[in-house]
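Descriptive structure summary
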2 protein chains.
Amino acid sequence: MSLTRIHNFSVSLDGFGTGEPQSAEAPFGHAGQRLHQWMMATRSWDPTGTAGVDDAFAERHDPGIGAEIMGANKFGPPGWQDDPGWDGWWGPNPPFHTPTFVLTHRPRPSIEMEGGTTFHFLEASPAEALETARAAAGGQDVRIGGGVTVVRDFLLAGLVDHMHLVVVPIVLGRGVRLWDGLEAVEEGFDVEAVSAPSGVTHLTFTRKTP
Amino acid sequence: MSLTRIHNFSVSLDGFGTGEPQSAEAPFGHAGQRLHQWMMATRSWDPTGTAGVDDAFAERHDPGIGAEIMGANKFGPPGWQDDPGWDGWWGPNPPFHTPTFVLTHRPRPSIEMEGGTTFHFLEASPAEALETARAAAGGQDVRIGGGVTVVRDFLLAGLVDHMHLVVVPIVLGRGVRLWDGLEAVEEGFDVEAVSAPSGVTHLTFTRKTP
Ligand SMILES: NC(=O)c1ccc[n+]([C@@H]2O[C@H](COP(=O)([O-])OP(=O)(O)OC[C@H]3O[C@@H](n4cnc5c(N)ncnc54)[C@H](OP(=O)(O)O)[C@@H]3O)[C@@H](O)[C@H]2O)c1
Ligand SMILES: NC(=O)c1ccc[n+]([C@@H]2O[C@H](COP(=O)([O-])OP(=O)(O)OC[C@H]3O[C@@H](n4cnc5c(N)ncnc54)[C@H](OP(=O)(O)O)[C@@H]3O)[C@@H](O)[C@H]2O)c1
C-alpha cells in the first residue's frame, strides 16, 4: 500500500515552520538555518556527522518514496514565477530523484532534471494532487515535502499517513505557523516523542488504524 | 541565592498554556485536564502513580520555595473579583504553604489560610511583585505559578532563572498563547529536552551564567 509521508519537518517551540521574510538569500527568513541544524549535523547530510537518533530519523527521508509534492514557496523564493528559467534551488541534480509536483496557481511546462527528478507544476486540490503523484509513484510512497502551508493543507484534508516532526527549542516569533486550523489533529494519530542529545525532539504521528 | 523558578508549566504543541473559555466548571476551558494528565499520573499527585521521569520533574515543584506569585486568572474563574468570599480553588488548606501573591488590578485584603498559605493581593509590575515576594520568601526561592500571562510577563521582563516546561503533544487551537512577544527568549538560557514514556517532553530553561 502506498502511504503519504512527511519527514524531517521542523517547527519552532511556537509552531513556526519558517521565519520571515523568505528571500533568495534567506529561504527561511530570520530563522536562518536554525530549524535544520540538527539535520545538517547528521551523517545523512555530512559524512563526518553524527549517527545517533537524529540521523536515524533523517535517513528515513528517501527510501520507499516514489514522488514528492511541494508548495510554490518551497520551490523558489518570492518572484520565481516571473523567472522563466527558474528550476529550483538545488542545481542540475536535485535531491528528489522522482517525479516532483510543485503546487502553484501559475503552472508552467514540466522540467526534466538530472538524476531522475522531473518537476511538474500543478494547480489542484491536495486530494487531486495526491492522486496524480500516487499514479506517478510506481507503487511507492508519496512524500509531502513542505513548505508549511502545504503540510498544513494535507493534514487538514486528512491525507497524511505518517508525519515526522522535529520540535526545535527556539522561539521564532514570526513566520508561517504550522498548526493554525488543526485543533485536535493528534486525535487521528498515534503519537510518539523522543528527544535527542542535540536538543530537538522527534515526534512521529502515525495514522490510527480504524 | 534566591532564584525565580517555574515548574510543571504545560503547553500544547501550538503553544497554548490553557484552553478557552475559562470557567468555574472548566478552569482550563476546552483543554480540560489534557495539559496536566502527565502530572496527575505521577506519584507526586497520586500515591499509586508513576515514579519515572515525569515524577522526577513533578516533585521539584515545592522544595526550596518560600513564596509564590500567580495571576488573577489562576486564582479564580472569571468574576471571582465580584465575590468577596472567594478564597481560591484549593479549599481551606491550599497546596502552597507559603505567602502567595496574587497579581490583580482589583486588590483586596490578605487571606490567611490553613497550612501556611496566606494570599496577598498585589497591583504591581513583575519586578516589584518579585521584590515583595522575595522579601517574604525567607531566603528561599520564588515560584512563578502561572497562569500563562504571568509566566509570559516574567519571561519578558527577564526575571526567570529556571523554567521547567512540559510540551504536551496535543493541538489546542485556541486559548492563551505563551510565546507571544518572546522571540529568541531561548538565547538567555541553557535548554535541555527529555521526552517521557507518557508522550510529553520536559524542557528545562536554565539562565546562562554571564
Ligand atoms: N520546516 C521545515 O522543515 C520546512 C520544510 C520545507 C520547506 N520549508 C520552508 O517553508 C517555506 C515555504 O512554506 P510556505 O508555507 O510559505 O509555502 P509552501 O507551502 O511552500 O507553498 C505555498 C504556495 O504554494 C501554492 N499552492 C499551495 N497549495 C496550492 C494548491 N492546492 N493549488 C495551487 N497552488 C498551491 C501557492 O502559491 P502560488 O499561489 O504563489 O502559486 C501557495 O502560496 C519556505 O521558507 C521553506 O524553506 C520548511
Ligand atoms: N499551563 C499550565 O501549566 C498552567 C499553570 C497555571 C495556570 N494555568 C492556567 O492559566 C490560565 C490563567 O492564565 P491567564 O493568562 O488567563 O491569566 P493569569 O496569568 O493567571 O492572570 C492574568 C491576570 O492577572 C492580573 N495581572 C497580571 N499581571 C498583573 C500586574 N502586573 N498587575 C496587576 N494585575 C495583574 C490581571 O487580572 P485583572 O486585571 O483581572 O486583575 C490579568 O488579566 C488558567 O486557565 C489556569 O488554569 C495553566
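Computed from a prediction, not measured in an experiment: that's the story for all the values here. (Residues numbered from 1 in each chain as written. Chains lettered and ligands numbered in written order. Predicted model: local features only at pLDDT ≥ 70, side-chain atom pairs only at ≥ 80, totals over all residues. Heavy atoms only, no water.)

**Digging into the site of ligand 1**
Residue and element names in this part refer to chain A. Neighbouring residues of ligand 1: 24 residues in total, closest S10, P27, H105, A124 and T149. H36 places a polar side-chain atom, nitrogen or oxygen, 2.9 Å from an oxygen atom of ligand 1. Between ligand 1 and A72 there is a distance of 3.0 Å, counted from an oxygen atom to a backbone nitrogen or oxygen. Burial of ligand 1 by the surrounding chains reaches 85%, relative to a free accessible area of 940 Å². Here the residues of the shell around ligand 1 are counted per class, giving 9 nonpolar, 14 polar and 1 charged. (Near = heavy atom within 4 Å. Polar contact = N/O pair within 3.5 Å; in protein donor to acceptor, adjacent residues only side chain to side chain. Areas by Shrake-Rupley, 256 points an atom, 1.4 Å probe, with all protein chains shown as cover. Nonpolar A, V, L, I, M, F, W, Y, C, P; charged D, E, K, R; others polar.)

**Section: the UniProt feature "domain: Bacterial bifunctional deaminase-reductase C-terminal" (unreviewed entry) in chain A**
When the UniProt feature table is mapped to this numbering, "domain: Bacterial bifunctional deaminase-reductase C-terminal" (unreviewed entry) covers residues 7-184 of chain A. Helix makes up 19% of residues 7-184 of chain A and strand 24%, and the two end C-alpha atoms of the span are 21 Å apart. (UniProt positions renumbered as here; feature names shortened; annotations may be inferred. Helix = DSSP H or I, 4+ residues; strand = E, 2+ residues; numbered from the N terminus.)

**Some words on the site of ligand 2**
All names here are of chain B. The full set close to ligand 2 counts 24 residues, and S10, P27, H105, A124 and T149 are the nearest of them. K74 has a polar backbone atom sitting 2.9 Å from an oxygen atom of ligand 2. Here an oxygen atom of ligand 2 and a backbone polar atom of G147 are 3.0 Å apart. Starting from 940 Å² of accessible surface for ligand 2 in isolation, the protein chains cover 85%. Those elements giving two or more residues to the shell around ligand 2 turn out to be β1 (4-12), β2 (16-18), α3 (72-75) and α5 (148-156).

**Structural notes on the pairing of strand β4 (residues 99-103) of chain A**
Residue and element names in this part refer to chain A. Buried residues dominate β4, accounting for 4 of its 5 residues. Alignment of strand β3 (residues 65-71) against β4, held across 4 bridges, turns out to be parallel. Residue M70 lies in a different strand from β4, and its bridge partner there is V102. Pairing of β4 with strand β6 (residues 118-122), which is carried by 5 bridges, proceeds in the parallel orientation. Across the sheet, residue V102 finds its bridge partner in β6, namely F121. (Buried < 20%, exposed > 50% of the residue type's maximum accessible area, 1.4 Å probe, protein only. Pairing = 2+ DSSP bridges.)

**Let's talk about the pattern of salt bridges**
Residue and element names in this part refer to chain A. Inspection of the entire model under this criterion finds 18 salt bridges over all chains. For E68, the salt bridge is made with K74, and the minimal N-O distance between the two is 3.0 Å. In this structure E68 comes out as buried when scored by relative accessible area, which is 0%. In this structure, a network of salt bridges that share partners links the residues D62, E68, K74 and R143. (Salt bridge = Lys/Arg side-chain N within 4 Å of Asp/Glu carboxyl O.)

**Section: the interface of chain B and chain A**
Contacts between chain B and chain A engage 27 residues on the former and 27 residues on the latter. Together, the buried faces of chain B and chain A total about 2000 Å²; carbon and sulfur atoms form 55% of this surface. When the area that chain B buries against chain A is broken down by residue, the three leading residues are L13, V171 and E183 of chain B, summing to 31%. The shortest N-O distance in the salt bridge between E186 of chain B and R34 of chain A comes to 3.9 Å. Put simply, the parts of the chain that give the side of chain B that touches chain A at least two residues each are β10 (189-195) and β11 (201-207) of chain B. Of the residues contributing to the side of chain B that touches chain A, the split by class is 15 nonpolar, 5 polar and 7 charged. (Contact = heavy atoms within 4.5 Å. Buried area = accessible area lost by both parts, 1.4 Å probe.)

**A short note on the sheet that holds strand β8 (residues 162-168) of chain A**
The strands making up a sheet are joined through hydrogen bonds of the backbone, oriented either antiparallel or parallel. Residues and elements named next belong to chain A. Ordered in space as β5-β6-β4-β3-β7-β1-β8-β11-β10, the 9 strands form an open sheet in which the pairing is mixed. Two strands lie at the open edges of the sheet, namely β5 (111-112) and β10 (189-195), each paired on one side alone. Strands in contact with helix α5 (residues 148-156) are β1 (4-12), β3, β4, β7 (141-146), β8 and β10; relative to β7, the strand with the most contacts, it is inclined by about 130°. (Axes fitted to C-alpha atoms, helices over the stretch in contact; angles between N-to-C directions.)

**Focus on unusual backbone geometry**
Cis geometry marks the peptide bond from G146 of chain A to G147 of chain A, where omega comes out at -5°. Tracing the backbone through its elements, the reader meets G147 of chain A in the loop between β7 and α5. Positioned with a positive phi, H97 of chain A is a non-glycine residue whose angle comes to about 60°. Mapping H97 of chain A onto the fold places it in the loop between α3 (72-75) and β4. Notably, N8 of chain B is not glycine yet its phi reads approximately 60°, a positive angle.

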